[in-house]
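Residue-level structural notes
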Amino acid sequence: MNQSSPQLSRLSYVINLGVVGVMLVAMMRVILMMMADGLYPLASALSAITVFLALVYLRRRFTPVRWFGIGIALALLFTLYPILFTLYLSVTNMGSGHLMTKPQAVDQLESQLYLPEGGQTYGWTAYESPGGNYALWLLPEEGPGLLAIPGQSIEAVTVGERGVGELDDDGIPESIEGYERLPVNRTVAIIPALGAIDFGKAPNTVRIRSLREAAELKQKYRYDDGQDAIVDEETGTLFKPLKGTFTSVEGEELTPGYIVYVGIKHFDHFIGNARFREPLFKIFGWNVAFAFWSVFLSFAVGLMVTLLFEGLPGSRLIRALLIIPWPIPVLISILIWRNMLNPDLGFVAPALESIFGSSPAWFQDAAWTRIGLIMVNVWLSYPYFYVISAGAIRSIPHEIYDAAVVDGAGHWNKFYHITLPLLLRILMPLLIASFTFNFNNFNVIYIFNFGRPPMPDTIVPMGQTDILISFVYRLAFINTNVTNYGLAAAITVMLFFLISMMVVFQVRFTNLFREAE
């Protein structure tokens with residue numbers, strides 16, 4: 001038994017080596033394919049995961065962690081890849097007209113066709129063989145019909161030749177030997193496949209142009225590898241690559257372009273441009289104020305509710321009523337608040353006007369819009385702080401309060417010197433986490449008023465209630481005429497480092513993870 005154990009161990013290791021080897025070879029092939037397609041961030045993330053898996057499953061010292069090795073690999077993929085991809089985008093020109101790699105852009109351009117001067121157009125009917133091959137019957141404006149089969153010359157045929165059956169009233173064969181005539185409803189479904197086929201024999205070929213028309217189309221653009229340029233076969237114009245766009249000497253540009261490395265251009269544009277920098281500093285200031293006041297007021301309201309209503313008769317019913325805003329979906333709550341504050345449809349404005357004679361411009365005035373946003377966010381957040389404050393207060397020993405009473409402390413002194421310091425010590429991690437969450441609280445900003453009212457005279461559209469994350473979203477996805485994913489990614493990278501420094505500072509300042517002495 002003891003002699004067979006080393007043999008079984010060696011056999012198990014060999015099997016493990018073989019399985020892991022096959023897996024690594026497959027992953028390496030995938031990585032090479034991704035690199036060939038220009039998907040460098042994903043290839044980099046998969047490379048790191050491959051190295052990790054090789055270490056875990058091939059080194060005996062890592063045997064204890066093999067059972068969750070796949071889980072760690074997936075966690076790395078879903079965390080490492082987004083970070084690498086964002087970093088990658090921040091140094092590229094990805095945006096409108098530059099959404100693909102160079103090989104993909106070249107393929108798109110080479111797929112474009114044109115009708116040369118004197119080129120013939122035809123009506124057409126499709127036929128399909130049992131093997132999935134296609135043929136066309138072409139009807140020119142004048143003259144007999146033509147049979148077009150891929151790889152064979154296009155020629156006029158009469159009934160009985162090459163299996164052509166009787167013609168119907170429109171001059172179209174009822175049947176062609178070896179092929180089935182396709183009705184219109186079946187033809188529509190395969191238009192994309194038919195449009196990619198050259199019917200006939202080069203150089204005289206026909207391509208389908210629309211549901212009703214086929215034509216002697218030619219390839220408009222051809223990539224010349226020797227010159228690294230696109231040649232316009234129709235005009236002879238040469239387009240050379242310039243900053244991710246094939247451009248002619250006259251300045252004409254071809255679409256689509258492709259993604260290229262631009263270095264720190266976006267970071268310089270973001271920091272060095274006063275028309276960008278000054279409004280963004282305003283957005284950053286409002287971003288910090290929004291996060292701070294949301295957390296401070298939510299905590300204050302939650303704590304006040306805890307102190308006022310705990311211990312009252314019917315506390316369970318009161319507690320249930322107080323946390324009603326929490327289970328309601330955020331989207332619904334914000335939409336309800338937006339409708340209530342609406343000057344035309346809501347009831348808040350008429351009520352305030354009847355009492356005070358006027359109502360704030362909740363959606364037109366920047367200051368009142370910000371107040372409304374903080375008010376809505378406090379409404380959404382205070383139940384959370386109510387629940388955690390109530391739990392934290394119950395964990396404070398009553399002996400401390402008894403000792404304070406003996407020393408003559410009143411209610412305010414007990415709250416200020418005992419309850420509040422101990423609560424902050426317990427809840428500080430949650431307050432920091434809440435501040436970080438509200439710093440990126442996109443939902444409230446966007447759903448309530450889309451970051452409006454707009455800022456005047458800005459280089460790109462910005463709102464006076466935009467926070468950094470909503471501005472990044474606006475820059476990357478909303479204004480479709482000037483979408484700039486590279487600039488949005490660069491701002492996201494800086495935002496990531498900014499929040500990281502804020503969290504590190506808060507942790508160090510509050511001694512959050514310092515062990516008690």
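About the criteria used
- Residues numbered from 1 in each chain as written.
- Predicted model: local features only at pLDDT ≥ 70, side-chain atom pairs only at ≥ 80, totals over all residues.
- Heavy atoms only, no water.
- Helix = DSSP H or I, 4+ residues; strand = E, 2+ residues; numbered from the N terminus.
- Rg over C-alpha atoms; globule rule 2.2 N^0.38 Å.
- Buried < 20%, exposed > 50% of the residue type's maximum accessible area, 1.4 Å probe, protein only.
- Lys, Arg positive; Asp, Glu negative; His and termini not counted.
- Charge placed at Lys NZ, Arg CZ, Asp CG, Glu CD.
- Pairing = 2+ DSSP bridges.
- Axes fitted to C-alpha atoms, helices over the stretch in contact; angles between N-to-C directions.
- Contact = heavy atoms within 4.5 Å.
- Parallel < 35°, antiparallel > 145°, perpendicular 65-115°, else oblique.
- Nonpolar A, V, L, I, M, F, W, Y, C, P; charged D, E, K, R; others polar.
- Expected span 1.5 Å × (residues − 1).
- Bend = angle between axes of the 7 residues up to and from the residue.
- Patch = residues over 30% accessible without salt bridge, like charges linked within 9 Å, V, L, I, M, F, W, Y side chains within 5 Å.
- Areas by Shrake-Rupley, 256 points an atom, 1.4 Å probe, with all protein chains shown as cover.
- Salt bridge = Lys/Arg side-chain N within 4 Å of Asp/Glu carboxyl O.
- Domains from an automatic or database assignment.
- Polar contact = N/O pair within 3.5 Å; in protein donor to acceptor, adjacent residues only side chain to side chain.
- Core = buried A, V, L, I, M, F, W, Y, C linked by side-chain atoms within 4.5 Å.

This paragraph deals with the overall build of the protein chain. The secondary structure content of the protein chain amounts to 17 helices and 14 strands. Relative to the 2.2 N^0.38 estimate, which gives 24 Å for 517 residues, the radius of gyration of the protein chain is 35 Å and therefore markedly larger than a compact globule would have. Along the first, second and third principal axes, the C-alpha set of the protein chain runs to 115 × 95 × 50 Å. Looking at the protein chain as a whole, 38% of its 517 residues qualify as buried. Positive and negative side-chain charges in the protein chain, numbering 34 and 41 respectively, have mean positions lying 16 Å apart.

Turning to the sheet that holds strand β12 (residues 229-232), a few remarks are in order. As summarised here, the arrangement of the 4 strands in space is β11-β12-β13-β14, forming an open sheet in which the pairing is antiparallel. Taken across any chain shown, the strands that pair with only one partner, and hence form the sheet edges, are β11 (221-224) and β14 (245-247). This sheet shows a mean twist of 35 degrees between the axes of neighbouring strands, independent of strand direction. Here β12 pairs with strand β13 (residues 238-242) via 2 bridges, running antiparallel. Looking at β13, one finds that I230 is bridged to F239. Sheet strands in contact with helix α4 (residues 102-110) are β11, β12, β13 and β14, and its direction is about 140 degrees off that of β11.

Moving on, we come to the pairing of strand β2 (residues 121-128). For β2, a buried count of 7 out of 8 residues is recorded, marking the element as mostly surrounded by other parts of the structure. Here β2 pairs with strand β9 (residues 214-215) via 2 bridges, running antiparallel. Residue pairing in the sheet places T121 in a bridge with A215 of β9. Sheet topology places β2 next to strand β3 (residues 134-139); 6 bridges connect them, and they run antiparallel. Looking across to β3, one finds that G123 is bridged to L139.

The step from T255 to P256 runs through a cis peptide bond, and the omega angle for that step is 10 degrees. Note on placement: P256 falls in the loop between β14 and α7 (265-272). Residue R452 is joined to P453 through a cis peptide bond whose omega torsion reads 5 degrees. Mapped onto the fold, P453 is located in the loop between α15 (442-449) and α16 (468-478). The phi dihedral of F450 is positive, around 60 degrees, even though this residue is not glycine.

Further remarks concern the packing of α7 against helix α8 (residues 274-309). One way to put it is that α7 packs onto α8 with a least axis distance of 5 Å and a crossing angle of 65 degrees. The orientation of α7 relative to α8 falls into the category roughly perpendicular. Between α7, through H269, F270, I271 and G272, and α8, the contact on the second element is made entirely by A274, F276, R277 and L280. Here the contact of α7 with α8 is composed, by residue class, of 5 nonpolar, 2 polar and 1 charged.

This part covers the environment of S44. Looking at where S44 falls in the secondary structure, it is placed in helix α2 (residues 40-58). Here S44 falls in the partly exposed class, since its relative accessible area comes to 38%. Distance from S44 to Y81, taken between C-alpha atoms, is 8.0 Å for residues 37 residues apart in sequence.

We now examine helix α3 (residues 69-90). With 22 residues, α3 extends 31 Å between its outermost C-alpha atoms, agreeing within 8% with the 32 Å of an ideal straight helix rising 1.5 Å per residue. At L80, α3 shows its largest bend, some 25 degrees, and a proline, P82, comes one to four positions later. Buried within α3 we find G69, A73, L77, L89 and S90.

A contiguous nonpolar patch, built from L317, L321, I324, I328, L331, I332 and I336 and spanning about 610 Å² of accessible area, is present on the exposed surface. Going through the elements one at a time, α9 (315-322) and α10 (330-341) are the ones with two or more residues in the nonpolar patch. Here the element with the most residues in the nonpolar patch is α10; it accounts for 3 residues.

A word on the domain arrangement of the protein chain. Segmenting the protein chain into domains produces domain 1 (6-90), domain 2 (101-112 + 222-263), domain 3 (114-219) and domain 4 (274-516). The centre of domain 3, based on its C-alpha atoms, is set 66 Å off from the matching centre of domain 4.

This part is about α15. V444, I445, I447, F448 and N449 are the residues of α15 that are buried. If you follow the buried residues of α15, they end up packed against α8, α10, α12 (366-394) and α16. Following α15 by one or two positions, F450 adopts a phi angle in the positive range, close to 60 degrees.

Position of T369 among the secondary structure elements: in helix α12. Here the side chain of T369 touches W362 through a polar contact of 2.7 Å, landing on its backbone oxygen. Of the polar contacts made by the side chain of T369, one reaches the backbone oxygen of D365; its length is 2.7 Å. Not counting the four nearest positions on each side in its chain, T369 is found in contact with A361, W362, F363, Q364, F448, N449, R452, P453 and T465.

Core analysis: the biggest nonpolar cluster contains 30 residues, and F276, L280, F439, M462 and F471 have the highest contact counts within it. Contributing elements (two or more residues each) for this core: α8, α12, α14 (411-439), α16 and α17 (485-509). The element best represented in this core is α8, accounting for 7 residues. Filtering out sequence-adjacent residues up to four positions away, L280 remains in contact with F270, M462, L468 and F471. F290, W337, V378 and I447 belong to the second largest nonpolar core, which has 19 residues in total.

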